[in-house]
Amino acid sequence: MLSIKDLHAGVEEKEILKGLNLEVKPGEVHAIMGPNGAGKSSLASVLSGRPNYEVTGGSITLDGKNLLDMSPEDRAREGVFLAFQYPIEIPGVSNINFLRTALNEIRAYRGEEPMSAKEFLALSKEKQKLVEFDAKLVNRSLNEGFSGGEKKRNEIFQLAMLEPKLAILDETDSGLDIDALRIVSRGVNKLRSDKNAFIIITHYQRLLDYIVPDFVHVLSDGRIVKTGDKNLALELEEKGYDWIREEAVR
Amino acid sequence: MINQLETPLYESIAAKFEIASLQSGDEQLRKLRRDAFELFKSLGFPSIRNEEWKYTNVQPFLKEHYELEVIRQELSAEEFDKTAALVAAHLEDVQHSLKGAHKGAYRLVTVNGRINERLSVLPDESAVRILPFSAAEHEPAFARYFGKIATLKDNAFAALNTALYNDGLYIEAPAKAVLDRPLHIINVLLAGANVFVQPRHLFVLQPHASMEVIETTITDQDQQHIFVNSVTEIAVGENARFHHYDIQTGRKGMRFVQRVEALQSRHSNYSNYTFTLPGADFVRNNLAIHLNDADLESHLYGLYLTAGSQLADNHTEVHHKMPRGESNQLYKGVLLDQSKAVFNGKIFVYEDAQKTNAFQQSNNILFSDKASVNAKPQLEIFADDVKCSHGTTIGQINKDALFYLQSRGISEAAAKNMMVNAFAFDVTEKIKIPALRTYLERLITAHMETGA
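Worth saying up front: this structure is predicted, and the values here are computed from it rather than measured. (Residues numbered from 1 in each chain as written. Chains lettered and ligands numbered in written order. Predicted model: local features only at pLDDT ≥ 70, side-chain atom pairs only at ≥ 80, totals over all residues. Heavy atoms only, no water.)

**A short note on the packing of aromatic side chains**
For the structure on display, the rule yields 26 aromatic pairs over all chains. On the numbers, 4.8 Å between centres and 85 degrees between planes, the contact of Phe-84 of chain A with Tyr-404 of chain B is edge-to-face. Taken together, the positions of Phe-84 of chain A in the loop between strand 6 (80–83) and strand 7 (90–94) and Tyr-404 of chain B in helix 8 (residues 399–406) put the pair across two chains. Grouping residues by exposure puts Phe-84 of chain A and Tyr-404 of chain B together as buried. Judged by centre distance (5.7 Å) and plane angle (25 degrees), the ring pair of Tyr-10 of chain B and Phe-40 of chain B falls under stacked. You can see Tyr-10 of chain B sitting in helix 2 (residues 8–23) and its partner Phe-40 of chain B sitting in helix 3 (residues 27–43), a full 30 residues away along the chain. The residues Tyr-10 of chain B and Phe-40 of chain B share a single accessibility class, namely buried. Ring pairing ties together the aromatic residues Tyr-10, Phe-37, Phe-40, Phe-45, Trp-53, Tyr-66, Phe-157, Phe-196 and Phe-227 of chain B, which thus form one cluster. (Phe/Tyr/Trp six-rings, centres within 6.5 Å; stacked < 30°, edge-to-face > 60°. Helix = DSSP H or I, 4+ residues; strand = E, 2+ residues; numbered from the N terminus. Buried < 20%, exposed > 50% of the residue type's maximum accessible area, 1.4 Å probe, protein only.)

Given below as structure tokens:
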């Protein structure tokens, strides 16, 4: 599904990703861990097309299509979804109108008819229930005045509504208390299927107790330096990152 | 002012005044016009050396050769059909939003300032009296208010209008009359050549009257220059309530200078909503409110969305003269392309105006590196027990928010449109007529999706 080859990218002349390779297949969950400054969030930004990132080498394809040539909106329409580490508050834009516009633009891109208000509301109700998202929040301004946990849950609700092929969760666990973490994880687990894939960026092993990954990658200094299964995350939790860095240098 | 005497407009104005001064009504009116003309001659058209016009150079808009006469007689069949088609198309635009949600509005159509009854749907005279301005001279309220509300001192355009106004509307809501639907005034401008038109209006709301008025202006798509210099005086009686909406659209070649002044009595509410959209070359709105009595409220809401090389200038003045008045101003601007905007808001709280609450806020977003805003909030307080505040912000579009919307599959143009509507929201939500709000949001969307 996703194929990243020898990716080099950075911000303002500073190279952050230095030859990153990653293959993700449908149905897989990949966790990406690594120390601060390793380039985890940069990877999420480059995948979703954040404007200030510059790609200086390598390629990213999604089902054979070159993502790097696409605008952020076209990437989303092709099925890339980024759950933001810091979701943006946009006062005056209603959550529900925003989602309906997004959904219908994605449908139009695929040559599908816009969804009627009735169908949309039915879908919205179903997904709210699925990911345990409070109906009161749906009708408010987008993220305005939401608590940290509510914002993250809204990301998962959007994910449920838009049904992307590839979802990237950028430190979705940061700032969540244990109950919110459980709810968010339950939501993600319900959305997993053999057709979609997840990249989960996290600092902590804790999230991976709830969302069990197929692969765990360690990102260090702009490259994936070690790949393992879920046990690698446990090992990292116990031993930290230094041993991997040393191993990588050797 | 030597240079002004040499402009063709100034000369034709002087010549026109000689004729007009002989024709107008009674001696009192002639004197008013003569004095106003003398004042205009001493002031001349303002230059950027005038503090009130520092950021708005009006001179380039006055250079054309303008006719001072417009079609005044009955419309020919052809002109009537043209006007009817323009009005129908406009109503389709506006009232598309009215369908189902609202019982609609009364309609008053004027063509170059002259009332066209065939195209109008007017309310009963017991609810509101509507007369041509020129036929209202003997109305008691006309004598009481005409020329008494608008400030001519240092206002060359208002003085010129007073000296030479063409015609306009006299609208009086009798005591206790409550108009059940909004009155939509459609000003149609038909110009066979470049014209300089000067409409003059007077609105009088007698005590306990209540009225909503929506003003729009339409014209044909010719390339003629049309300069509109209008003055509207408004008297809002005790316990009267007036919601006044002005939707300013237009096309290239149109220039507007308007002065709206309202005089309020005790327990009255005057609310003004001025919305300027892309189209006209230049708009200068002068809005002044005189709170000459105690216990009353005024609300001024403005929104300007400008594009191309448009210039939109809003000058407001709120005069709190008596105790316990409340005024609230909120102006928001969105500037595209190389457009410019000016906001100059003044609040005066006089010595006797204790317990005044006066607020003013102006917020702007620049959508382009070439757009600019000059904002100047001013507050002068001579009373000691008041609550007043003012503030201005000028910012750029929030790029993180834009990316967030795009990352969900929303196109850049649609995302910008959502953000502009969101920015404008605290002004548009104040619109009391839902269909009008829909119309305005549709206008914003239409411009954002083609322009930005």
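**Considering helix 9 (residues 412–428) of chain B**
In this model helix 9 of chain B runs 23 Å from its N-terminal to its C-terminal C-alpha over 17 residues, within 8% of the 24 Å that 1.5 Å per residue would give. The largest bend in helix 9 of chain B comes to about 30 degrees, at Ala-422 of chain B. (Expected span 1.5 Å × (residues − 1). Bend = angle between axes of the 7 residues up to and from the residue.)

**A look at the layout of surface pockets**
Residues and elements named next belong to chain B. Put simply, the largest pocket is a space of about 560 Å³. Glu-52, Trp-53, Lys-153, Asp-154 and Asn-155 are the residues nearest the centre of the largest pocket, which is lined by 33 residues in total. Contributing elements (two or more residues each) for the lining of the largest pocket: helix 7 (156–164), strand 9 (226–236), strand 11 (254–264), strand 13 (282–291), strand 15 (311–320) and strand 17 (340–349). (1 Å grid on protein atoms, 1.4 Å probe; cavity = no way out; pocket = protein on both sides within 12 Å on 5 of 7 lines; lining within 4 Å. Points joined across faces, edges and corners; volume = space filled by probe spheres on them.)

**Some words on the sheet that holds strand 1 (residues 2–11) of chain A**
All names here are of chain A. Overall, antiparallel pairing links the four strands, which are arranged 2-1-4-5 in an open sheet. Pairing within the sheet leaves two strands with one partner each, and these edge strands are strand 2 (14–24) and strand 5 (65–66). Bridge analysis of strand 1 against strand 4 (residues 53–62) gives eight bridges, and the strand direction is antiparallel. What sits directly across from Ile-4, in strand 4, is Ile-60. (Pairing = 2+ DSSP bridges.)

**So, the interface of chain B and chain A**
Across the boundary between the two partners, chain B contributes 16 residues, which contact 30 residues of chain A. Summing the contributions of chain B and of chain A, the shared interface buries around 1800 Å²; its carbon and sulfur component is 68%. Per-residue buried area on chain B facing chain A is highest for Phe-403, Tyr-404 and Arg-408 of chain B; these three make up 43% of the total on that side. Joining chain B to chain A, the criterion identifies two salt bridges. Two residues, Glu-155 of chain A and Arg-408 of chain B, come together in a salt bridge whose shortest N-O distance is 2.7 Å. Along the contact surface separating chain B from chain A lie 10 residue pairs in polar contact (both at pLDDT 80 or more). (Contact = heavy atoms within 4.5 Å. Buried area = accessible area lost by both parts, 1.4 Å probe. Salt bridge = Lys/Arg side-chain N within 4 Å of Asp/Glu carboxyl O. Polar contact = N/O pair within 3.5 Å; in protein donor to acceptor, adjacent residues only side chain to side chain.)

**Description of the pattern of salt bridges**
Tallied over the entire structure, the rule returns 38 salt bridges over all chains. With its nearest N and O atoms 3.8 Å apart, the salt bridge here joins Arg-107 of chain A to Glu-112 of chain A. By relative accessible area, which is 34% here, Glu-112 of chain A ends up partly exposed. Across the salt bridge formed by Asp-154 of chain B and Lys-153 of chain B, the nearest N and O atoms sit 3.3 Å from each other. By relative accessible area, which is 49% here, Asp-154 of chain B ends up partly exposed.

**So, helix 7 of chain B**
The element helix 7 of chain B is largely enclosed, with a buried count of nine among its nine residues. All buried positions along helix 7 of chain B are accounted for by Ala-156, Phe-157, Ala-158, Ala-159, Leu-160, Asn-161, Thr-162, Ala-163 and Leu-164 of chain B.

**Topic: the sheet that holds strand 10 (residues 197–201) of chain A**
Residue and element names in this part refer to chain A. A sheet is described by the order of its strands in space; here six strands give the open sequence 6-9-10-3-11-12, paired in mixed fashion. Every other strand in the sheet has two partners, leaving strand 6 and strand 12 (223–228) as the edge strands with one partner each. Strand after strand, the sheet turns through a mean of 20 degrees between neighbouring axes, direction not considered. With five bridges joining them, strand 11 (residues 215–220) and strand 12 adopt antiparallel strand pairing. Residue pairing for strand 12: Leu-219 is matched across the bridge by Ile-224. Helix 1 (residues 40–48) rests against strand 3 (29–33), strand 6, strand 9 (166–170), strand 10 and strand 11 of the sheet, and its axis sits at about 145 degrees to strand 9. (Axes fitted to C-alpha atoms, helices over the stretch in contact; angles between N-to-C directions.)

**Here we look at the environment of Ser-271 of chain B**
Residue and element names in this part refer to chain B. Here Ser-271 shows up in strand 12 (residues 269–276). Residue Ser-271 is classed as buried on the basis of its relative accessible area of 2%. Spatially, the C-alpha atom of Ser-271 lies 19 Å from that of Tyr-106, the residues being 165 residues apart in sequence. Excluding anything up to four places from it in sequence, Ser-271 contacts Phe-242, His-243, His-244 and His-299.

**Section: the packing of helix 4 (residues 117–130) of chain A against helix 6 (residues 148–162) of chain A**
Helix-helix packing is characterised by the crossing angle of the two axes and by the distance between the axes. Residues and elements named next belong to chain A. Where helix 4 meets helix 6, the axes come as close as 10 Å, and the angle between the chain directions of the two elements is 130 degrees. Considering their axes alone, helix 4 and helix 6 lie oblique with respect to each other. Note on packing geometry: the crossing formed by helix 4 with helix 6 is right-handed. Contacts between helix 4 and helix 6 pair Phe-120, Leu-123, Ser-124, Lys-127 and Gln-128 from the former with Phe-157, Ala-160 and Met-161 from the latter. The residue inventory of the contact of helix 4 with helix 6, partitioned by class, reads five nonpolar, two polar and one charged. (Parallel < 35°, antiparallel > 145°, perpendicular 65-115°, else oblique. Left-handed = near helix turned anticlockwise from the far one by under 90°. Nonpolar A, V, L, I, M, F, W, Y, C, P; charged D, E, K, R; others polar.)

**A word on empty space enclosed by the protein**
Residues and elements named next belong to chain B. Enumeration according to the criterion identifies six cavities of 30 Å³ or more in this entry. Every residue lining the largest cavity is counted, 34 residues in all, and those nearest its centre are Asn-187, Thr-217, Val-228, Ser-230 and Gln-258. Put simply, the parts of the chain that give the lining of the largest cavity at least two residues each are strand 5 (183–189), strand 8 (210–219), strand 9, strand 10 (241–248), strand 11, strand 12 and strand 13. Considered class by class, the residues forming the lining of the largest cavity number 10 nonpolar, 19 polar and five charged.

**Things to note about the pairing of strand 14 (residues 297–306) of chain B**
Residue and element names in this part refer to chain B. Within strand 14, nine of the 10 residues are buried, which leaves the element mostly enclosed by the surrounding structure. Of the strand pairs in this sheet, strand 12 and strand 14 are connected by eight bridges, and their pairing is parallel. Residue pairing for strand 14: Thr-274 is matched across the bridge by Gly-302. Relative to strand 16 (residues 326–335), strand 14 runs parallel, the two sharing 10 bridges. Note that in strand 16 the partner of Gly-302 across the bridge is Tyr-331.

**Thoughts on the confidence of the model for chain B**
Overall, the predicted model of chain B reaches an average pLDDT of 91, with 94% of residues at or above 70. Across the interfaces of the predicted complex, the ipTM metric reaches 0.95, alongside a pTM of 0.86. (pLDDT = per-residue confidence, 0-100.)

**Remarks on the environment of Leu-291 of chain B**
Residue and element names in this part refer to chain B. Mapped onto the elements, Leu-291 comes out in strand 13. Through-space distance from the C-alpha of Leu-291 to that of Leu-263 is 6.4 Å; in sequence the pair is 28 residues apart. Ignoring any residue separated from it by four or fewer positions in sequence, one finds Leu-291 in contact with Gln-264, Leu-296, Ser-298, Val-318, His-319, His-320, Lys-321, Met-322 and Glu-326.

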